[in-house]
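Observations on the three-dimensional arrangement
Here is how the chains run, residue by residue.
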Amino acid sequence: NLAEARQYRYISKAGVGICALGYLFLGSYKIEPSMIWAQQQKAGVAGIAPTEENPEVKMQEMLQTDLQKMVKDTRCEVKIVFFHWGREGTYQVQGYQRRLAQIAADSGADFIFGSHPHVLQAIENVTRIDGIKIPVAYSLGNFVFAGNWNPKRKDSALLLASIEIKNNHRERHVEIIPVKTDLFPKYPFQPYPQKPRKAKQLIQRI
């Protein structure tokens, strides 16, 4: 149900507690049936359907509430928010993506990652209310995606995210590793590294 879908996932890795929240939110874009969103008495995913009244306001409230719970959990040393958002096939970041990213950063997220558009979108830092820079990847594009063996847009990327925690000080870093999604028809949906010149161009673009 919705309460379960909104519960963050906790894992311990190398003695560090990592917590993550995930949401499906598409603004007013009605591309998915409303039945896939969880309700109080129905299974589904966390987030707000575009058919609800004031969906972005409700999504912001849900995000803030859930992150406040995560921040209060002393096990959660690293806090991640993942969004399934944006418009398919477009490099342009939607306004609501940036607004939600800012709220996630201000509410305590260390990293914000996204998917859904099937193409790479901007990777940037947003400035938290206390001046700290928080990395945001709006869409990482496709990686291993067998839904289309020969997509027109094959640029993608791996994102290596790291955080160094010393007392109350945190240093967050992301490294972009450009890849191509496939070598169709010989190797469909098998990613491989971009060549240096193309990799540099891709990093500059995103």
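1. Observations regarding the overall build of the protein chain
- Broken down by element type, the protein chain carries four helices and nine strands.
- Each helix and strand of the protein chain, placed in order from N terminus to C terminus, yields the pattern α-β-β-α-β-α-β-β-β-β-β-β-α.
- Taking 2.2 N^0.38 as the reference for a compact globule, 206 residues should give roughly 17 Å; the C-alpha atoms of the protein chain span a radius of gyration of 18 Å, in line with that estimate.
- Per-residue burial over the protein chain gives 40% buried out of 206 residues.
- Expressed as a percentage of contacts within the protein chain between residues at least 6 apart in sequence, the contacts between residues at least 24 apart total 59%.
- Between the centroid of the 28 positive side chains of the protein chain and the centroid of its 19 negative side chains there is a distance of 7 Å.

2. As for the state of the cysteines
- With the rule as written, the count across this model stands at one disulfide.
- Across the disulfide, cysteine 19 is cross-linked to cysteine 76 (sulfur-sulfur distance 2.1 Å). Its S-S torsion of approximately -75 degrees makes the covalent link between cysteine 19 and cysteine 76 left-handed. Taken together, the residues cysteine 19 in strand E2 (residues 16-24) and cysteine 76 in the loop between helix H2 (55-72) and strand E3 (78-84) connect sequence positions 57 residues apart.
- Using a relative accessible area of 4% as the deciding quantity, one classes cysteine 76 as buried.

3. Some thoughts on the nonpolar core
- Of all hydrophobic cores here, the largest spans 36 residues; its most connected members are Tyr23, Leu63 and Ile112.
- Of all the elements in the fold, those that place two or more residues in this core are E2, H2, E3, helix H3 (95-106) and strand E6 (133-137).
- With six residues, H3 is the largest single contributor of residues to this core.
- Sequence-distant contacts of isoleucine 112, defined by excluding residues within four places in its chain, comprise Val81, Phe83, Trp85, Ala101, Ala104, Ala105, Ile134, Pro135, Val136 and Ala137.

4. Overview of the packing of aromatic side chains
- One pass over the structure, following the stated rule, counts six aromatic pairs.
- Both rings, one in phenylalanine 83 and one in tryptophan 85, keep their centres 4.3 Å apart while their planes meet at 10 degrees; by these two values the pair is stacked.
- Among the residues examined, tryptophan 85 registers a relative accessible area of 0% and is labelled buried.
- Judged by centre distance (5.3 Å) and plane angle (65 degrees), the ring pair of tryptophan 149 and phenylalanine 189 falls under edge-to-face.

5. Some points on H3
- If you check H3, its first and last C-alpha atoms are 17 Å apart, about what twelve residues at 1.5 Å a residue would give, namely 16 Å.
- Backbone geometry just after H3 places glycine 108 at a positive phi near 120 degrees.

6. A word on the sheet that holds strand E5 (residues 123-127)
- Read from one edge to the other, the open sheet built from six strands follows the order E1-E2-E3-E4-E6-E5, with strand pairing classed as mixed. The outermost strands of the open sheet, each flanked by one partner alone, are strand E1 (9-13) and E5. Mean inter-strand twist for the sheet, computed between neighbouring axes without regard to direction, equals 25 degrees.
- As defined by bridge partners, strand E4 (residues 111-115) adjoins E6 across two bridges and the pair is classed as parallel. Opposite phenylalanine 113, over in E6, you have alanine 137 as the bridge partner.
- The strands touched by H2 are E2 and E3; relative to E2, the strand with the most contacts, the crossing angle is about 165 degrees.
- Strands E3, E4, E5 and E6 of the sheet are contacted by H3, whose axis makes an angle of about 55 degrees with E5.

7. Overview of the pairing of E3
- Where burial is concerned, most of E3 is hidden: five out of the seven residues are buried.
- Two elements, E2 and E3, share seven bridges in a ladder whose sense is parallel. By the bridge assignment, alanine 20 is partnered in E3 with isoleucine 80.
- Read as a crossover between parallel neighbours, the route from E2 over H2 to E3 is right-handed.
- As paired strands, E3 and E4 are joined by five bridges and run parallel to one another. Following the sheet pairing, isoleucine 80 is matched in E4 by phenylalanine 111.

Thresholds applied
Residues numbered from 1 in each chain as written. Predicted model: local features only at pLDDT ≥ 70, side-chain atom pairs only at ≥ 80, totals over all residues. Heavy atoms only, no water. Helix = DSSP H or I, 4+ residues; strand = E, 2+ residues; numbered from the N terminus. Rg over C-alpha atoms; globule rule 2.2 N^0.38 Å. Buried < 20%, exposed > 50% of the residue type's maximum accessible area, 1.4 Å probe, protein only. Contact = heavy atoms within 4.5 Å. Lys, Arg positive; Asp, Glu negative; His and termini not counted. Charge placed at Lys NZ, Arg CZ, Asp CG, Glu CD. Disulfide = S-S within 2.5 Å. Core = buried A, V, L, I, M, F, W, Y, C linked by side-chain atoms within 4.5 Å. Phe/Tyr/Trp six-rings, centres within 6.5 Å; stacked < 30°, edge-to-face > 60°. Expected span 1.5 Å × (residues − 1). Pairing = 2+ DSSP bridges. Axes fitted to C-alpha atoms, helices over the stretch in contact; angles between N-to-C directions. Right-handed = clockwise from strand over helix to strand, strands pointing away.

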